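One-letter residues, chain by chain:
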Amino acid sequence: MFKFFVTLSVFVIGLAAFSFEANAETMTDEIPSEYQSVLASFHESIKDGPIINSEFFLYDITGDDFPELWISVGPSEAETQLLAYTIVNGGPVKIFEGEGGDSDYFVYNDRLIGVMCNSGEGVVITYGYDGKTVTESPIQFSMWNEDGKPLSTPHDPVADEILLNWNNKLVNRIKSMRL
């Protein structure tokens, strides 16, 4: 009986490892070939430096039905940058460089949202596109109500609604992958 459980345990662990590997390969396969050079350069820089935070995701902010490559990378949470690349004339072009922090990225009401939190304070950022570059509209929050829910300061009804949905995990989180 013991041998059966050991065999079953090894099978389940192997299945879980295969499942994770398959998901990682699927995500990599989804990356348009035009972005492979950008990812390769980040892979090289991570080898050479103390990079702690490094992940990427795809999101079409330009509305052209071709997703942009978003990279969050840095040596610490406080020094993480968020970069976005699009394809122009067949090659990658950076269209955004901003702070990344310890962020969650998700889609809410058809908009890319980032929520950054550090030590009980944070910011809700709504990202847009003006035809040439990514824009960001930050709303600070530093209050938690008596129920432990985040609130914007000063109170902004849109930010409070986003924070409530984020806190209750009712948002469409973006699938990301470590670099």
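Worth saying up front: this structure is predicted, and the values here are computed from it rather than measured.

Quick word on the overall build of the protein chain
And then number 1: The helix and strand tally for the protein chain stands at three helices and eleven strands.
And then number 2: For the protein chain, the succession of helices and strands along the chain, N to C, is α-α-β-β-β-β-β-β-β-β-β-α-β-β.
And then number 3: The proportion of buried residues among the 179 residues of the protein chain is 36%.
And then number 4: A total of about 10600 Å² of accessible surface is found on the protein chain, and carbon and sulfur atoms cover 56% of it.

Comments concerning the sheet that holds strand β3 (residues 81-88)
And then number 1: Pairing within the open sheet is antiparallel, and its five strands lie in the order β4-β3-β2-β1-β11. Looking at the sheet topology across the chains shown, the edges are occupied by β4 (91-99) and β11 (177-178).
And then number 2: Bridging between β3 and β4 involves eight bridges; their strand directions are antiparallel. Across the sheet, residue L83 finds its bridge partner in β4, namely E97.

What to know about the confidence of the model for the protein chain
And then number 1: Residues at a pLDDT of 70 or more form 70% of the protein chain, whose mean pLDDT is 75.
And then number 2: Predicted confidence is poor over residues 1-27, with pLDDT under 50, and the contacts of this stretch with residues over four places away or in other chains come to six contacts.

Side note on the nonpolar core
And then number 1: Counting residues in hydrophobic clusters, the biggest one holds 16 residues, and the most contacted among them are W70, L112, Y127 and V134.
And then number 2: Within the residue set of this core, elements represented by two or more residues are β1 (53-59), β3, β4, β6 (111-118) and β7 (121-129).
And then number 3: A per-element tally of this core places β7 first, with three residues.
And then number 4: Contacts of V134, omitting those with residues within four sequence positions, involve I61, W70, A84, I95, F96, Y127, G128 and Y129.
And then number 5: In this structure, L39, L69, Y85 and M177 belong to the second largest nonpolar core, which totals 14 residues.

Topic: the pattern of salt bridges
And then number 1: Under the criterion given, the structure shown has one salt bridge.
And then number 2: With a closest N to O distance of 3.0 Å, E97 and K94 form a salt bridge.

Some details on the environment of V93
And then number 1: Relative to the helices and strands, V93 is located in strand β4.
And then number 2: Not counting the four nearest positions on each side in its chain, V93 is found in contact with A84, Y85, T86 and V88.

The rules behind the values
Each residue is numbered by its place in its chain's sequence as written, counting from 1. Whole-chain, interface and lining totals are the exception, using all residues; otherwise, since this is a predicted model, local features are given only for residues with pLDDT of at least 70 and side-chain atom pairs are given and counted only at 80 or more. Only hydrogens and water are removed before side-chain values are computed, so all heavy atoms of the structure are retained for them. Numbering goes from the N terminus for both helices and strands, where a helix is a DSSP run of H or I of at least four residues and a strand is a run of E of at least two. Think of it in three bands: with a 1.4 Å probe and only protein chains considered, a residue is buried below 20% of the maximum accessible area for its type, exposed above 50%, and partly exposed in between. Per-residue and other accessible areas were derived by the Shrake-Rupley procedure at a 1.4 Å probe size, with only the shown protein chains allowed to occlude residues. Pairing between two strands requires that DSSP report at least two bridges joining them. pLDDT expresses how confident the predictor is about each individual residue, on a scale running from 0 to 100. Pairs of residues are marked as contacts when any of their non-hydrogen atoms sit within 4.5 Å. Side-chain atoms within 4.5 Å are what join buried Ala, Val, Leu, Ile, Met, Phe, Trp, Tyr and Cys residues into a set we call a nonpolar core. When a carboxyl oxygen of Asp or Glu lies within 4 Å of a side-chain nitrogen of Lys or Arg, that pair is called a salt bridge.

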